[in-house]
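Each chain, written out:
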Amino acid sequence: MGSSSSSYAPKTIYLDVDGKVQKVVFSRHCSPCDIKELLCSSSNIPRNTAITMVDPEGALVSIDPTMPTNSPNSLYKVISLSTGQLGDKEDMFQNVLSQVAEQFSRAFRINELKTEVTNRLAMLEKRVELEGLKVVEIEKCKNDLKKLRDEMTSRGGGRVGNCPCKYNFSDDGKKLNPRRDVPSYPKYTLSQETIEALKKPTFDVWHWEHNEMLSCLEYMYHDLGLVKEFNMNPITLKRWLLGIQENYRSNPFHNFRHCFCVSQMMYGMINLCNLPEKMTLTDMGILMTAAVCHDLDHPGYNNTYQINARTELAVRYNDISPLENHHCAVAFQILSLPECNIFANVELEAYKQIRQAIITLILATDMARHGEILDSFKHKVDSFDFTNEEHVTCLKMVLIKCCDISNEVRPTEVAEPWVDCLLEEYFMQSDREKTEGLPVAPFMDRDKVTKPTAQIGFIKFVLIPMFETVMKLFPQIEEIMVQPLRDSRDHYEELKQIDDAMTEGSGSRFMIQKFKKVMGRPDLRL
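Reading the values: rules and limits
Residues numbered from 1 in each chain as written. Predicted model: local features only at pLDDT ≥ 70, side-chain atom pairs only at ≥ 80, totals over all residues. Heavy atoms only, no water. UniProt positions renumbered as here; feature names shortened; annotations may be inferred. Helix = DSSP H or I, 4+ residues; strand = E, 2+ residues; numbered from the N terminus. Expected span 1.5 Å × (residues − 1). Buried < 20%, exposed > 50% of the residue type's maximum accessible area, 1.4 Å probe, protein only. Contact = heavy atoms within 4.5 Å. Salt bridge = Lys/Arg side-chain N within 4 Å of Asp/Glu carboxyl O. Pairing = 2+ DSSP bridges. Patch = residues over 30% accessible without salt bridge, like charges linked within 9 Å, V, L, I, M, F, W, Y side chains within 5 Å. Areas by Shrake-Rupley, 256 points an atom, 1.4 Å probe, with all protein chains shown as cover. Polar contact = N/O pair within 3.5 Å; in protein donor to acceptor, adjacent residues only side chain to side chain. Axes fitted to C-alpha atoms, helices over the stretch in contact; angles between N-to-C directions. Parallel < 35°, antiparallel > 145°, perpendicular 65-115°, else oblique. Left-handed = near helix turned anticlockwise from the far one by under 90°. Nonpolar A, V, L, I, M, F, W, Y, C, P; charged D, E, K, R; others polar. Phe/Tyr/Trp six-rings, centres within 6.5 Å; stacked < 30°, edge-to-face > 60°. Lys NZ or Arg CZ within 6 Å of the ring centre and 35° of its normal.

The protein appears in an unreviewed UniProt entry as Phosphodiesterase from Salmo trutta. What UniProt records for the protein under Sequence similarities (unreviewed entry) is the sentence "Belongs to the cyclic nucleotide phosphodiesterase family. PDE9 subfamily." A UniProt comment under Catalytic activity (unreviewed entry) is attached to the protein, and it reads "3',5'-cyclic GMP + H2O = GMP + H(+)".

(A) Fine view of helix α13 (residues 322-335). For α13, which comprises 14 residues, the first-to-last C-alpha distance of 20 Å matches the rise-based estimate of 20 Å (1.5 Å per residue) to within 8%. Burial of α13 is extensive: 12 of the 14 residues sit out of reach of the surface. All of the buried residues in α13 are P322, L323, E324, H326, H327, C328, V330, A331, F332, Q333, I334 and L335. Summarising the contacts, the buried residues of α13 are in contact with α8 (234-246), α10 (281-293), α11 (303-308), α12 (312-316) and α14 (348-363).

(B) Just the pattern of salt bridges, in detail. For the coordinates displayed, the defined rule picks out 17 salt bridges. Here E218 and K238 are joined by a salt bridge, their closest N and O atoms 3.4 Å apart. With E218 in helix α6 (residues 210-223) and K238 in helix α8, the pair connects residues that are 20 residues apart, well separated along the chain. Its relative accessible area of 5% is what places E218 among the buried residues. Linking K380 and E390 is a salt bridge whose minimum nitrogen-to-oxygen distance equals 3.8 Å. Of the two residues, K380 is situated in helix α15 (residues 370-381) and E390 in helix α16 (residues 389-404); the sequence distance between them amounts to 10 residues. Here K380 falls in the buried class, since its relative accessible area comes to 12%. The network of salt bridges with common partners includes E416, D420 and K451.

(C) Structural context of the pairing of strand β3 (residues 51-54). Neither face of β3 is exposed, since I51 and M53 on one face and T52 and V54 on the opposite face are all buried. Relative to strand β4 (residues 77-80), β3 is paired through four bridges, and the arrangement is antiparallel. Looking across to β4, one finds that I51 is bridged to S80.

(D) Quick look at the UniProt feature "binding site: AMP" (unreviewed entry) in the protein. The UniProt feature table records "binding site: AMP" (unreviewed entry) at H254, N255, F256, R257, H258, D295, D404 and Q455. Topologically, H254 is positioned in the loop between α8 and α9 (256-272). On the accessibility criterion, H254 (16% relative accessible area) is buried. For H254, the residues in contact, after removing those within four places along its chain, are R249, D295, H298 and E425. The residues contacting R257, other than those within four sequence positions of it, are V205, W206, W208, M213 and W418.

(E) Layout of a nonpolar patch on the surface. Nonpolar side chains collect at one region of the surface, where V117, L121 and L124 lie side by side and expose about 260 Å² of accessible area between them. Since its relative accessible area comes to 42%, V117 is described here as partly exposed.

(F) Quick peek at the UniProt feature "binding site: Zn(2+) 1" (unreviewed entry) in the protein. Following the UniProt record, one finds the feature "binding site: Zn(2+) 1" (unreviewed entry) at H258, H294, D295 and D404. For the annotated residues, spread through 147 residues, the largest C-alpha to C-alpha distance comes to 10.1 Å, consistent with a single compact locus. Looking at the element boundaries, H258 is found in helix α9. Setting aside chain neighbours within four positions, we find H258 in contact with F253, H294, D295, D404 and W418. Mapped onto the secondary structure, D404 falls in helix α16. Once you skip the residues sitting within four places of it in the chain, D404 turns out to touch H258, V262, H294, D295 and T365. Polar side-chain contacts of D404 include one of 3.0 Å to the side chain of H294.

(G) A look at the packing of α6 against α8. Two elements in contact, α6 and α8, have axes whose closest approach is 10 Å; the angle formed by their N-to-C orientations is 135°. Judged on the interaxial angle alone, α8 and α6 are oblique. The interaxial crossing formed by α6 with α8 has right-handed handedness. Contacts between α6 and α8 involve H210, L214, L217, E218, Y221 and H222 from the former and L237, K238, W240, L241, L242 and Q245 from the latter. Here the residues of the contact of α6 with α8 are counted per class, giving seven nonpolar, three polar and two charged.

(H) A look at the packing of aromatic side chains. Using the criterion set out here, one finds 13 aromatic pairs in the structure. Relative to W208, the ring of F203 has its centre 5.4 Å away and its plane inclined at 20°; by these criteria the two rings are stacked. Here F203 matches W208 in class, with each residue buried. A network of ring pairs unites the aromatic residues F377, F384, F386 and F474 as a single cluster. The lysine or arginine in question, R355, covers the ring of F332, its NZ or CZ lying 4.6 Å from the ring centre. One residue, R432, lies across the ring of Y301, its end atom 4.7 Å from the ring centre.

Here is the structure:
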């Protein structure tokens, strides 16, 4: 207690002021400026005058709360620096300070550092300004799109059921009106690195904006020779791709980025499996165009919901693949516009065959038909004949199915965010089904499903068997497509074991070991 009290006691020093003893008392928490003012006042020196203080031997005394106390027998003297009373000592002190400052400047390259900091600040300010302009443009585009959607909604009139679609088909003769005059999007030059990456399942689809994805799709059509084969007008191809992008909704999963994923995987499989050597360019055009169009105007609620809720789509298509039928209808509504018809220069009979083939592939993406389509392919794969039209059609159906559900083929950091997106869309539907008193699938119920349980069964019983069947025809996909699926299965099974151990509450050691294994850090100390 004694030492604590003394730290708060006032401090007293004694000054020699014109031969008289002057006592100065100040708090130990005073600032040096406050102490200097007290000293000036006690020594009859004007305020704000530069001062110094010396002891009887002429040594400098620091003017701050830590200065040593003295006694009336050992007086301090306050000297105004303007009086020059320090003489040579002051000059020497100033010289030392100047030398120290110069040495510091040289040692730390202060001037160069100032210049560098100034230049960097200027660059950052310019960058912030440019980014700010980008944000303004993006917000403007968002507002324009919102206005256009609202306008289309108001034009569409009433809807039957709880799942409105952008287009009202009550007037069968009515064509799809473009929502705006489609401008040309900026031309991007793809680097050689990007061109090569586009051909691989490892392509990271999360790093690209819509305009960049459109340019990548445009490149694919040119690279595969489809523009030349179908005598497409390059500007029409641009307009068509923009029309496609505009007619994908902003769902968590079934959106334009998913469309691009499926199309990029199709482009990758075409290259990996050397399909142009085994099939026609028309087949390549059918595969790519079906992939691009396969989920157009997806409302975010699956066929089960459409049928149970008796929506307009379910009624229109008699509960038979209502969504897939709708995707086809919207696709050909867009193609019916002269400015968007990439097949405008194809002969009528050839166009009919292309149209029918695209419809066949899009309808094949209905997972309710998965077993039927895969069984048909299994019966053909061991004696597959590329000259047999039925065999080739079945292969194309399986290829678009592979691409549609191929996210787990991709690296974990690319694939896993898609699981979150899909579950978000599932939960939106199941919440709505609960509200409307409709049946809820367990794999879509937020109270029952987890990420591992959602993926394990799907990978083991749907993805791996389908890709392994395709592997019989194209062995080269094993390393780059099938093995990542097996690794993904193992990854989610490990996560499930951890979840189970945590749920049981009695497997702490086991859980830690599994966590280390999943993290790839067996040496990790927890």
